[in-house]
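# Breakdown of the fold
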Amino acid sequence: MTKIIFLDAAGTLFDVRGSVGEVYGKFARRWGITVSNEDLNTAFFQSFADSNSMAFPGRELAKIPQLEFEWWQAVAAKAFQIAGVFNQFSDFPKFFAELYAHFATAEPWFVYPDVLPALNKWQQQGIELAVVSNFDSRIYAVLKALNLAEYFTSVTISTEVGAAKPDSQIFTAALQKHNCIAENVLHIGDSFKADYCGAKAAGLKAIWLNREPEKVESGKLPLTETKIEQCSSLDYLAF
């Protein structure tokens, strides 16, 4: 019987309201810079995909917030470069500081409608809940701002562990906080590779939360099993 559920954060519990491009574009226009939200969104995901994992092995915990900030600033700068407007900023570091702080608030995020009913149901069943995410340390402020923090007994993030999903090290770190073995834990997340494959490789049970199944070409997934445990919503999961 499942007694502990690990959940991913962005894309699973909550997501960006509209798109990253819309938020970036809105802030850029405040600086007098006009850029297509669609182009900026595409540029952001290209920059994000080209970046190394957000993990800083061997670094002091006190230095992690600054390393996170610098990592995201590099991603944002490249996105605006790809979009062709980076040189229009009079003070990009100042602009980015405002943008970065914005994403630590509730405003740019929305909670998926199936999340609170599921969390309440599992909590009532006595299931322990935890977050395991490749997010940065702003996750604590975001969870609190979205009224989600109270549901979770632990939060494990890649930047503090020094390893990002699908690396098994982050799952091991989360398991150690709960003094449990992998076989007794279920992990749910929206990334097939990072969440489903990562958790399975670490010995956990896993469910792939595929929120947009119509957009997935299953033939292109590196499926190693004949059956993938997946769902499109948290509504119908029962343990």
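Note that the coordinates shown come from a computational prediction; the quantities given were computed from them, not determined experimentally.

### Examining the pairing of strand S6 (residues 185-189)
Extensive coverage of S6 is indicated by the burial of five of its five residues. Burial along S6 is two-sided: the residues Val185, His187 and Gly189 and Leu186 and Ile188 are all buried. Both strand S1 (residues 4-7) and S6 contribute to a ladder of four bridges, which runs parallel. Bridge pairing links Ile4 to Val185 in S6. Here four bridges tie S6 to strand S7 (residues 205-209), and the two strands are oriented parallel to one another. When the sheet's bridge partners are listed, Gly189 is paired in S7 with Trp208. In this fold, S6 hands off to helix H9 (residues 192-201), which returns the chain to S7; that crossover is right-handed.

### Here we look at the state of the cysteines
For the coordinates displayed, the defined rule picks out zero disulfides. Of all cysteine sulfurs in the structure, the one in Cys197 sits closest to Cys231, which takes part in no disulfide; the separation is 15 Å. The class of Cys231 is buried, set by a relative accessible area of 14%.

### Some words on the sheet that holds strand S4 (residues 128-133)
Taken in spatial order, the six strands of this open sheet run S5-S4-S1-S6-S7-S8, and their pairing is parallel. This sheet does not close on itself; its edge strands, each paired only once, are strand S5 (154-157) and strand S8 (230-231).

### Here's the deal with the layout of surface pockets
When its volume is computed, the largest pocket comes out at roughly 1,600 Å³. What lines the largest pocket is a set of 49 residues, and nearest its centre among them are Ala10, Gly11, Phe45, Phe48 and Asp190. Contributions of two or more residues to the lining of the largest pocket are made by strand S2 (14-16), helix H1 (20-30), helix H2 (37-50), helix H3 (64-82), helix H4 (92-102), strand S3 (109-111), H9 and S7. For the lining of the largest pocket, the per-class residue count stands at 27 nonpolar, eleven polar and eleven charged.

Basis of the calculations
- Along each chain, residue indices are assigned from 1 in the same order as the chain's sequence is written.
- This being a predicted model, a pLDDT of at least 70 is required before a residue's local features are given, and a value of 80 or more before pairs of side-chain atoms are given or counted; all residues contribute to the totals for chains, interfaces and linings.
- Calculated side-chain values reflect all of the structure's heavy atoms, with hydrogen atoms and water omitted.
- Only protein chains enter the area calculation, which uses a 1.4 Å probe; residues under 20% of their type maximum are buried, those over 50% are exposed, and those in between are partly exposed.
- Each helix is a run of DSSP H or I of at least 4 residues and each strand a run of E of at least 2, with the numbering of both proceeding from the N terminus.
- Pairing between two strands is assigned when DSSP locates at least 2 bridges connecting them.
- Handedness of a crossover is defined as follows: with both strands directed away from the viewer, a clockwise route from the first strand across the helix to the second makes it right-handed.
- Cysteine sulfur atoms are paired as a disulfide whenever they come within 2.5 Å of each other.
- The distinction between a cavity and a pocket rests on a 1 Å grid over the protein atoms alone: a 1.4 Å probe fits inside a cavity but cannot get out, while a pocket stays open yet meets protein on both sides within 12 Å along at least five of seven lines, and a residue with an atom within 4 Å of a point counts as lining.
- Grid points are joined across faces, edges and corners, and a volume is the space filled by probe spheres set on the points.
- Classes in brief: Ala, Val, Leu, Ile, Met, Phe, Trp, Tyr, Cys and Pro nonpolar; Asp, Glu, Lys and Arg charged; the others, Gly included, polar.

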